[in-house]
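These are the residues of each chain, in order.
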Amino acid sequence: MADGSIGLWTVPLAVLGGAIRVSTPFLFVSLGECITERSGRINLGLEGTLVMGAMSAYGISYLTGSPWLGVLAAGITGALLGALHAGICSLPRVNDIAVGIALMLFGTGLAFYLGKPLIEPTAPRLPAIDFGWWSDIPQVRAALRVNVLFLIGVALAPILYWAFRTTRWGLLIRTAGESSDAARAMGHSVLLIRLRATMVGGFLAGIGGSFLSLFYPGSWNEGLSSGQGITAVALVIFARWDPLLCLWASLAFGGAAALGPALQSVGVTSGYHLFNAAPYILTLAIMIITCSPKRTLTGAPAELSITR
Amino acid sequence: MEFGRISRRHLLQGGAALTLGAAAGARPSFAAETTIGFIYVGSRDDYGYNQAHAQGAAALKKIPGLKVVEEEKVPETDAVEKTIESMINLDGATLLFPTSFGYYNPHMVKMANKFPKLHFEHCGGLWSDKDPKNAGSYFGYIDEAQYISGIVAGYTSKSGKLGFVAAKPIPQVLRNINAFALGARLANPKATTQVIFTGDWSMPVKEAEATNSLIDQGVDVLTCHVDGPKTMVENAARRGAMVCGYHVNQSPLAPKAYLTGAEWNWEALYPKFVKMIAAGESIPNFYRGGLKEEIVKTSPYGEAVSAEARKHADDVKAKFFSGDGYAIFKGGLVDNKGKTVIAAGTDRGQKDPELEKMDYLVEGVVGATS
Amino acid sequence: MTTEAADPVEAVGSIAPAADPGFLQRHGGAIEYILIPGAALAGALGAFGIFVAMFGKNPLDLYFYMYYGAFGTWFSWQNTLTRAAPLILTALCTALPAQLGMVIIGGEGALLIGALSATSAALVLQGMPPLIVQIAMVVAGVIGGGLWVMLSGALRQYRGVNETISSLLLVHIALAVLNHLVEGAMRDPASLNKPSTREIGAANMIGSIPGTDVHWGLVFGLIAAIAAYILIYHTVFGFAARVAGGNIRAAKIVGLNVSKLILTICFLAGGAAGLAGMVEVAAVQGRTNANLAAGYGFTGILVAFLARQNPLAIIPVAILLGGISASGGLLQRRLGLPDASVLVLQGIIFVFVLASDALYGRIGFLKGKS
C-alpha cells in the first residue's frame, strides 16, 4: 500500500468503477428501448442512435463550448431517428426489426460521415461529481467520480418502473404493447403512442451516446461504441422489460467489461480474449438458466414481433 | 451520353501515365501525371496509425506531377486485392502503398505477381527472396523512439511503475514494450512496466479501462500501442498520470501531461521513395531504418520533462544517430520469466532479423505474452 | 415477418389472384415484385444524390462512378461478384430461419466457427490428396457453422431463450474463441505480426472460376441459394417449415415435429454461413485469423431482409450490395467521399425498400380496374 498500489483490490474496485463508468450508455439505451418495446415495437436501430448521439454531442459541445448543449443535441438527434423509425414502421406491413437494422446502418454511417473532422479536436467534457471525497485512497476516489448522467439514469429506472404501473401514460404504452385492439377500442391511436414511445426511446439512447463521447471514454472516434447499443437492446429482453432489472443488468455489464483489463493488471494474463467476452458469456448463461420453454417470457409485451 | 464520355476520358488518363521505375533511365521529373495509390485499414483521420500514413501521402500530393489516390477502411480480405486492382485498372496507379500489416500475405504478394511491371511498397511486411521482386517492404524501428520515451518516463515516474496499453502480443508490439521498459531501466534500474493487452487495435472502452486499471495499480506514466492513442492519452491525463504518445504527436490533447512520444515520419520517407524511383534507383526490397534514417522521430519534450531526463535521452538519441548505431537489445538479456533470450556477448543490432520474431517480454515488464 | 401472407385487413382491396382473367391481374404480383423494389431503389439513389449534393458533390458524377465501379467494366463485374459471393451464403443464415419466423442475426459467428473448423480439418489432413482435404473442409465448415446456429435454435426450443439475442451473443463469443485459439493453441509461430493458424497449403486452395478472378464461393453460393429455394418452396419439409412459421400452434395441431424443423433449419442456416467461412479460408486467406471477421455475416442480414427472406431474391440483392461496396472505393478516390458513404447509402436503400413494402397491392393500375 505504501507505494500507492492496492494490489488485488484493484479487481473489485475496477469492477465497481467499471459498473459506474461503463454502464451508463447501456442503462440509457436499455431504458429507452424498454419504453419502445413496452409499446409493442422493437427498435434495433438504437446502435445507430447511440453512435449518432455520441457524434452530435461531441460536435455540438466542440462548436458551442457547452457539453450540456451537446447532450441535448444528442437527445434531439436520437428522437428524430426514433421518429424516422416509427414513421416507417407505421406504414402497413413494414417489419420493425428490419427497419431497426436499416437505421443502425444509416445512423452509424451518418455519424462516421459527419464525424470525420471531429476525431482530432478536443471538445469540452461533462463534469464529474466526486463521491469519493471521504476516502484517502486515490483509486477509490477515481472509481467514485460519477457523472450526473449516471445518477439521472439510476433515478430514471425506478421512476419508469413506477410510471409503467401507475401513470396514465404508462398504462397507455403498455396497452398498446399488449393489445393494439384494446388501445384502439379505448379511442387511442396506437401509431401515435408508438411514435412517442420510440421518440422517447431514441432520445434516451442519444443521451447514452453523449455519455460515451463527452464523459467516458470521453472522445469521439469510430470505434467508440463497438456494439454497445445492440447489446443494450438485447439487455432489455434479458431484463424482461423491467426498468429496474435493466438497471441491474447494465451495472453487471459495465462491471464485466472492466473485468478483463483489471484481471490482467493483477497478473491473470491467460485467456484475456475469453475474459473480454465475459459479459456475453454471462448473459447467455443467465438466459439459459432463467428462461423456460413452457411459458412465454414474463413481462413480454404481447404485440412485440420478437416474442410472438 | 456526353457526361459519360467526358468521365470515361478522364478515367483513361491514368492509363497513359508514365510507368514508374520501368526503365533505369526514367526521367527524374514526372513528365506525365503519375498515380500513387494509398490504402489504409482504418479511417485516415484516426489520430494514430492511419493518420500518420495519410500525412505521408499528403506530403506526396505537394510534389508536382504526382497524383495520389486514397482509400480508407479497406479490410484485410480479398477486398484489398480488389482495391489494388481497381486503383491500377481504373486510376492507372503504378506505385501502391498498402499500409496495413495484414495486407501483405497473401493479398499484396498475389497482386505483385499479377502486375509484375508495377511497384508495390508495403508497410511492416517481411519481404523475403521468395516474394516478387517488384514488391518491397519497409518499416521503421520505432522501438528506438519508444526507448527514448522509456528513458524520459523512467525519470519522470515517481512510483517507478510505468504502464503500457497494448493491442495484441505480436512481435512489433512486444518490441515496443521491451524497448520502452529497457529505456526506463536506464533511468531507473528498478522501474517496472506493466502491460495490458486489449485484444484489438481499436477498442476505446477497453483502452480506457486498461488505463484506469494501470493507474489503480500505482502506474504514473503510460504509453500505448493501439491504432488511436487518443483515449489512453486523455484518460490518463485526466487522472493525473503522465503520458508518452504513439504514431503521431498527441501533445495538443494533454499539453501538461505529454512527455514525449514515438512518431512515424512517413512524410519524410515517402517523398524520398518517389525521388529514388524517379531517379531510376531501385528501392531495396527490404527497407528498414530508425531515427537516423528519418523514418521515425520523437515528439518534442513536454514541460514536465526534467533537465536530467532530457540530457540522458538526448545522449542516447545521439548514439542512434552516430555511425556505429546503437543496440537496444544487448547480449545477456533476460526475459521476465528468468530465461536468457539473448546470449551474453551477442548484441542484437536493430537490423537483426531475430528481433522481428520477438516473442518475450524482458525483465522488468509485468505481464505475459499469452 | 414480412411475408406475402399479409394479414386479412391489408389484403382487402388488393389483388385477388385468379379472380379476373386480365393480364395485369394475372401478372400484377410478378410485375409488382420488379416494379416496387426498382422504384424504391431509384428513390434511394435519388435521396443519396441529394445527400452528397449537400456536400458539394455532383450527383451525376456519383451515379456514373457507382455504375462504373460496380458494373462498368469486366473488372468491375468481377469485383462486384467477388464481394457478393460470401453475402449470398451469410444471407441464407438469416433467410432460412426466417421461414420459421425466427430472427437469427448470428451469421458472423457461424462464419468464424465454420472457418476455424474447416482450417482444423485441413491441418489435420495435411498430406492427403487436395480433393479429399477440400471435401473435408466443406463438411467441417458446414458442420461447425451449422452446430453454432443450431445452438441458438436448440436454446430457443428447449430453454425458451430468444434466438435473436443468443445468436448475437454467440457472435461475440465466436470471435473471442477464434482470437483465443489463433493467438494461442492454434497459432503458427511463423505468423509473427498477424497471429494466424498454420496455412492450409497452396495445393488445397480452391482457386478461381476459370477465366475469371472470382472464386468458387460464388458458385457455392448460387447452388446453396437455389437449393434453399427448392427446399423451402418445393418440398414437403419446406411447406411444413412455412406452416410452422405462419402459426406454430397450427403446426403442432397438424402433428408437425416443430423441434426437428427448428433444429434442421438452423443447422442448414448455420451451415451456409459456415461454408462462407470455409470459402474465405480456402479461396482467399489460406488460413484462419482475425481478418475473417470482416462483417460478411452482418451484411448478410441486410441482404436477407432486402430480399424479403426469399432465397432466390438473395442472389440479385447480394450482387447489388456487392456492387455498392465495389464502387465505394471509386467514390472515395474520385469524389473524395468518406468510406462511410457506403453505409449511409446502404441504410437509405434499406429504408426505401422497407417503406415500399407498404405499396404491394396498392398500385392502382395493377389492380386491373378496366
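Residues numbered from 1 in each chain as written. Chains lettered and ligands numbered in written order. Predicted model: local features only at pLDDT ≥ 70, side-chain atom pairs only at ≥ 80, totals over all residues. Heavy atoms only, no water.

Turning next to the domain arrangement of chain C. Residue and element names in this part refer to chain C. Domain assignment breaks chain C into domain 1 (20–57 + 341–370) and domain 2 (63–336). Here the C-alpha centre of domain 2 lies 28 Å away from the C-alpha centre of domain 1. Across the contact, 14 residues belong to domain 1 and 13 residues belong to domain 2. Carbon and sulfur atoms make up 75% of the area that domain 1 and domain 2 hide from each other, which totals about 1300 Å². Area buried by domain 1 at its contact with domain 2 is led by Val342, Gln346 and Phe350, which between them contribute 37% of it. Counting every contact that joins domain 1 to domain 2 gives one salt bridge. With its nearest N and O atoms 2.9 Å apart, the salt bridge here joins Arg308 to Asp357. The interface formed by domain 1 and domain 2 includes three residue pairs in polar contact (both at pLDDT 80 or more). (Domains from an automatic or database assignment. Contact = heavy atoms within 4.5 Å. Buried area = accessible area lost by both parts, 1.4 Å probe. Salt bridge = Lys/Arg side-chain N within 4 Å of Asp/Glu carboxyl O. Polar contact = N/O pair within 3.5 Å; in protein donor to acceptor, adjacent residues only side chain to side chain.)

Here the focus is the nonpolar core. Counting residues in hydrophobic clusters, the biggest one holds 301 residues, and the most contacted among them are A:Trp220, B:Ile177 and C:Phe350. Examining the composition of this core, we find that 16 residues originate from one element, helix 11 (residues 258–285) of chain C, more than from any other. Listed in part, the 20 residues of the second largest apolar core include B:Val69, B:Val74, B:Ile84 and B:Met87. (Core = buried A, V, L, I, M, F, W, Y, C linked by side-chain atoms within 4.5 Å. Buried < 20%, exposed > 50% of the residue type's maximum accessible area, 1.4 Å probe, protein only. Helix = DSSP H or I, 4+ residues; strand = E, 2+ residues; numbered from the N terminus.)

The next thing to look at is the packing of aromatic side chains. Considering all chains together, one arrives at 31 aromatic pairs over all chains under this definition. Geometrically, the ring pair formed by B:Phe97 and B:Phe273 is stacked, given 6.4 Å between the ring centres and 15° between the ring planes. Of this pair, B:Phe97 sits in strand 3 (residues 93–98) while B:Phe273 sits in helix 9 (residues 266–278), and the two are 176 residues apart along the sequence. Here B:Phe97 and B:Phe273 have matching classes, each one buried. Relative to B:Trp266, the ring of B:Tyr138 has its centre 5.4 Å away and its plane inclined at 80°; by these criteria the two rings are edge-to-face. With B:Tyr138 in strand 5 (residues 135–140) and B:Trp266 in helix 9, this residue pair connects regions lying 128 residues apart in the sequence. There is no split in this pair, since B:Tyr138 and B:Trp266 are both buried. One aromatic cluster in this structure is built from B:Phe38, B:Tyr40, B:Phe97, B:Tyr138, B:Phe139, B:Trp264, B:Trp266, B:Tyr270, B:Phe273 and B:Tyr287. Above the face of the A:Phe164 ring, A:Arg38 is positioned so that its terminal group lies 4.8 Å from the ring centre. Taking NZ or CZ as reference, C:Arg308 lies 4.4 Å from the ring centre of C:Tyr360, over its face. (Phe/Tyr/Trp six-rings, centres within 6.5 Å; stacked < 30°, edge-to-face > 60°. Lys NZ or Arg CZ within 6 Å of the ring centre and 35° of its normal.)

In this section: the packing of helix 3 (residues 78–91) of chain B against helix 13 (residues 311–335) of chain C. For the pair helix 3 of chain B and helix 13 of chain C, interaxial distance at closest approach is 10 Å and the crossing angle is 50°. Relative to helix 13 of chain C, the element helix 3 of chain B lies oblique. Seen along the crossing, helix 3 of chain B lies across helix 13 of chain C with a hand that is right-handed. In contact with B:Thr83, B:Ser86, B:Met87, B:Leu90 and B:Asp91 of helix 3 of chain B, helix 13 of chain C contributes C:Leu330, C:Arg333 and C:Arg334. In terms of residue class, the contact of helix 3 of chain B with helix 13 of chain C is built from three nonpolar, two polar and three charged. (Axes fitted to C-alpha atoms, helices over the stretch in contact; angles between N-to-C directions. Parallel < 35°, antiparallel > 145°, perpendicular 65-115°, else oblique. Left-handed = near helix turned anticlockwise from the far one by under 90°. Nonpolar A, V, L, I, M, F, W, Y, C, P; charged D, E, K, R; others polar.)

Right, let's talk about a nonpolar patch on the surface for a bit. Taken together, the side chains of C:Leu131, C:Ile135, C:Val139, C:Ile143 and C:Leu147 define a hydrophobic patch exposed on the protein surface, amounting to about 460 Å² of accessible area. Along the polypeptide, C:Ile135 turns up in helix 6 (residues 130–159). (Patch = residues over 30% accessible without salt bridge, like charges linked within 9 Å, V, L, I, M, F, W, Y side chains within 5 Å. Areas by Shrake-Rupley, 256 points an atom, 1.4 Å probe, with all protein chains shown as cover.)

Moving on: the interface of chain A and chain B. Of the residues lining the interface, 45 residues belong to chain A; the matching set on chain B comes to 41 residues. Across the interface of chain A and chain B, roughly 3200 Å² is buried in total on both sides, 48% from carbon and sulfur atoms. Summed over the shared surface of chain A and chain B, the number is three salt bridges. Between B:Glu72 and A:Lys116 there is a salt bridge whose closest N-O contact spans 3.6 Å. Only helix 1 (10–38), helix 5 (138–143), helix 11 (243–265) and helix 12 (272–276) of chain A provide two or more residues apiece to the side of chain A that touches chain B. A total of six residues in the side of chain A that touches chain B trace back to one element, the largest contributor, which is helix 11 of chain A. Here the residues of the side of chain A that touches chain B sort into 21 nonpolar, 18 polar and six charged.

Our focus in this paragraph is the pattern of salt bridges. In total, this model carries 30 salt bridges over all chains according to the counting rule given. The partner of B:Glu354 in a salt bridge is B:Lys357, with the nearest N and O atoms 3.6 Å apart. Judged by relative accessible area, B:Glu354 falls into the partly exposed class, the value being 39%. Residue C:Glu199 pairs with C:Arg287 through a salt bridge whose shortest N-O separation is 3.7 Å. With C:Glu199 in the loop between helix 7 (163–182) and helix 8 (217–234) and C:Arg287 in the loop between helix 11 and helix 12 (296–306), the pair connects residues that are 88 residues apart, well separated along the chain. Judged by relative accessible area, which is 11%, C:Arg287 ranks as buried. One network of salt bridges, in which partners are shared, links A:Lys116, A:Glu222, B:Glu72, B:Lys73 and C:Asp339.

Let us look at the interface of chain A and chain C. Taken residue by residue, the interface counts 42 residues in chain A and 49 residues in chain C. Both sides together, the interface formed by chain A and chain C hides about 4100 Å², and carbon and sulfur atoms give 77% of it. Between chain A and chain C we count one salt bridge in total. One salt bridge in this structure joins C:Asp339 and A:Lys116, with 2.8 Å as the shortest N-O distance. Taken together, the connections running from chain A to chain C amount to seven residue pairs in polar contact (both at pLDDT 80 or more). Elements with a minimum of two residues in the side of chain A that touches chain C: helix 4 (96–115), helix 10 (228–238), helix 12 and helix 13 (278–290) of chain A.

Considering every residue of chain C, the mean pLDDT works out to 89; 90% of them sit at 70 or more. Below a pLDDT of 50 lies the segment residues 1–19 of chain C, which in the model reaches 22 contacts outside its immediate sequence neighbourhood of four places, other chains included. (pLDDT = per-residue confidence, 0-100.)

Residues and elements named next belong to chain B. Counted residue by residue, strand 9 (residues 242–247) has five buried out of six residues, so it is predominantly covered. Read from strand 8 (residues 221–225) through helix 8 (residues 230–238) to strand 9, the crossover connection turns out right-handed. Bridging between strand 9 and strand 10 (residues 258–264) involves four bridges; their strand directions are parallel. Across the sheet, the residue bridging to Val243 is Tyr258, located in strand 10. (Right-handed = clockwise from strand over helix to strand, strands pointing away. Pairing = 2+ DSSP bridges.)

The next point concerns the sheet that holds strand 5 of chain B. For sheets, the rule is that strands pair by backbone hydrogen bonds, running either parallel or antiparallel. Residue and element names in this part refer to chain B. Pairing within the open sheet is parallel, and its six strands lie in the order 2-1-3-4-5-11. Either end of the sheet is taken by a strand with one partner, and the two such strands are strand 2 (66–71) and strand 11 (286–289). Neighbouring strand axes in the sheet, compared pairwise and without regard to direction, differ in orientation by 20° on average. Bridging between strand 1 (residues 34–39) and strand 2 involves six bridges; their strand directions are parallel. Among the inter-strand pairings, Thr34 is bridged to a residue of strand 2, identified as Leu66. Of the strands in this sheet, strand 1, strand 2, strand 4 (119–123) and strand 5 touch helix 2 (residues 49–61), which is tilted by about 160° from strand 2. Across the sheet, helix 9 lies against strand 1, strand 2, strand 3, strand 4, strand 5 and strand 11, angled at about 150° from strand 5, the strand it touches most.

Now for unusual backbone geometry. The residue after A:Tyr216, namely A:Pro217, is reached through a cis peptide bond having omega -5°. Along the chain, A:Pro217 turns up in the loop between helix 9 (190–214) and helix 10. Here the bond from B:Asn105 into B:Pro106 is cis, since omega is 5°, no more than 30 degrees from zero. Here B:Pro106 is to be found in helix 4 (residues 104–114). Positive phi, normally seen in glycine, also occurs at A:Arg240, with a value near 55°. Along the chain, A:Arg240 falls in the loop between helix 10 and helix 11.

Another point: the domain arrangement of chain B. Residues and elements named next belong to chain B. Domain parsing of chain B yields domain 1 (2–140) and domain 2 (142–263 + 297–366). The C-alpha-based centres of domain 1 and domain 2 are spaced at 32 Å. Carbon and sulfur atoms supply 61% of the area that domain 1 and domain 2 bury against each other, a total of about 930 Å² over both sides. At the boundary of domain 1 and domain 2, one finds three residue pairs in polar contact (both at pLDDT 80 or more). Broken down by secondary-structure element, the contributors of at least two residues to the side of domain 1 that touches domain 2 are helix 2 and strand 5. Residue composition of the side of domain 1 that touches domain 2, grouped by class: six nonpolar, five polar and one charged.

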